Amino acid sequence: MKRLKKKIFIGLGASTLLVLGIVRRCNPSVMDGSLQASALSADSSETAEPLPEEIEDKQMLDLTTPASMASPNWGRNRIRGVYSYDMEFPDLQEVQIKAARKWGVSPVRDRQEAEERKEELVYIAAHPFYSIDSRMSRSVPYLVPRASRLLQDIGRNYLDSLASKGIPLHKIVVSSVLRTEEDVAKLMRINGNASDQSCHRFGTTFDISYNRYETVCPPGETRREVRNDTLKYVLSEVLRDLRNQGRCYIKYERKQPCFHITTR
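Position numbers for residues count from 1 along each chain, tracking the sequence in the order it is written. It should be noted that, the model being predicted, local features are given only for residues of pLDDT at least 70 and side-chain atom pairs only at 80 or more, the latter also being counted only at that level, while totals for whole chains, interfaces and linings use all residues. Side-chain metrics in this entry use all non-hydrogen atoms of the structure; hydrogen atoms and water are not considered.

A. Highlighting helix H6 (residues 145–164). The numbering of helices and of strands both runs from the N terminus, where a helix is a DSSP run of H or I of at least 4 residues and a strand a run of E of at least 2. An expected span of 1.5 Å times one less than the residue number is assigned to each helix. Between its first and last C-alpha atoms H6 spans 28 Å; for 20 residues at 1.5 Å apiece the expected length is 28 Å, and the two agree. With a 1.4 Å probe rolled over the protein chains alone, any residue whose accessible area is under 20% of its type maximum counts as buried; one over 50% counts as exposed, and the rest are partly exposed. Buried residues of H6: Ala-147, Ser-148, Leu-150, Leu-151, Asp-153, Ile-154, Gly-155, Tyr-158, Leu-159, Ser-161 and Leu-162, and no others. Just past H6, the residue Gly-166 takes up positive phi, approximately 75 degrees.

Here it is as structure tokens:
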């Protein structure tokens, strides 16, 4: 009985190979296509990454995004954010003030003096990589060259990261920069938390809002709005990388919704 089963099994195998050989001889593309489909299916099941929850909904996809920024990049460039804002960005005042005094200028008396100290300070009000908050009234848009380069790198890296993840472009919004002695005095009268030892006095420090962004939109086009949480996750990735490179100190602020950043 065992010999009979073995003969039947061998006969079926030979018949199958014979049929496959005939099909392949008559139409090679059928077999090739079948094998390719199987291979693609296997690759997809093994390597494809799920979309993050915050962008998984089809309504979150931007149909106006150019093809180079669209869905093929989602799997390779997932939005991950950081494990904890407080743990990833813990640099307190005592840490940042040391760097501010090392790399910064001597405190500036008023706005007129800031304009006159062009050899030490860079005017940063207009730039394609970031925006200055139009409501900013307690500081002036000047930084030391080292801090200016850092801000440019943050803005450029942020735009690059958004593009690689297929998210409509948004510019970061800078909410506070250099505070003159005059600005600090006014701020201390209305804000009990303001300090005359602020890092902002040295031109080394700036704040980036994490709940406001400026949409980059070509003339005549409209772009869907992206959730602030999504934009914040991407920004946190960019800032974490630069902090890990030793470029800056960062404190995650809660009362004032911003990342407080000092060059190092």
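Read on for the rest.
B. Representation of helix H4 (residues 93–103) in the model. Burial in H4 covers these residues: Gln-96, Ile-97, Ala-99 and Ala-100. What you see down the axis of H4 is that its buried residues fit within an arc of 165 degrees, all on one side. Opposite the packed face of H4, turned more than 90 degrees from it, sit the exposed residues Lys-98 and Lys-102. The elements touched by buried residues of H4 are strand S5 (205–215), strand S6 (248–253) and strand S7 (258–263). The arc under discussion is defined with respect to the helix axis, by the directions toward the C-beta atoms. Whether two residues are in contact is decided by their heavy atoms, any of which lying within 4.5 Å being enough.

C. How the structure looks around the environment of Ser-139. Topologically, Ser-139 is positioned in the loop between strand S2 (130–132) and strand S3 (142–143). Sequence spacing of Ser-139 and Thr-180 is 41 residues, and the spatial spacing of their C-alpha atoms is 6.9 Å. N or O atoms closer than or at 3.5 Å make up a polar contact, with two conditions inside protein: a donor-capable atom paired with an acceptor-capable one, and, for residues adjacent in sequence, both atoms drawn from side chains. Within the structure, the side chain of Ser-139 is placed 3.1 Å from the backbone nitrogen of Val-177, a separation counted as a polar contact.

D. Summary view of the packing of H6 against helix H8 (residues 228–244). Here the axes come from fitting lines to C-alpha atoms, over the contacting stretch only for helices, and the angles between their N-to-C directions go from 0 to 180 degrees. The interhelical angle for the contact between H6 and H8, taken along N-to-C directions, is 130 degrees, at an axis separation of 9 Å. With respect to their mutual orientation, H6 and H8 come out oblique. Read as a crossing pair, H6 and H8 show a hand that is right-handed. For the pair H6 and H8, contact is made by Leu-150, Ile-154, Asn-157, Tyr-158, Ser-161 and Leu-162 and by Leu-231, Val-234, Leu-235, Glu-237, Val-238, Leu-239 and Leu-242, respectively. Each angle receives one of four descriptions, namely roughly parallel if under 35 degrees, roughly antiparallel if over 145, roughly perpendicular if within 65 to 115, and oblique otherwise. Crossings are classed by handedness, with left-handed meaning an anticlockwise turn of the near helix from the far one by less than a right angle and right-handed meaning a clockwise turn.

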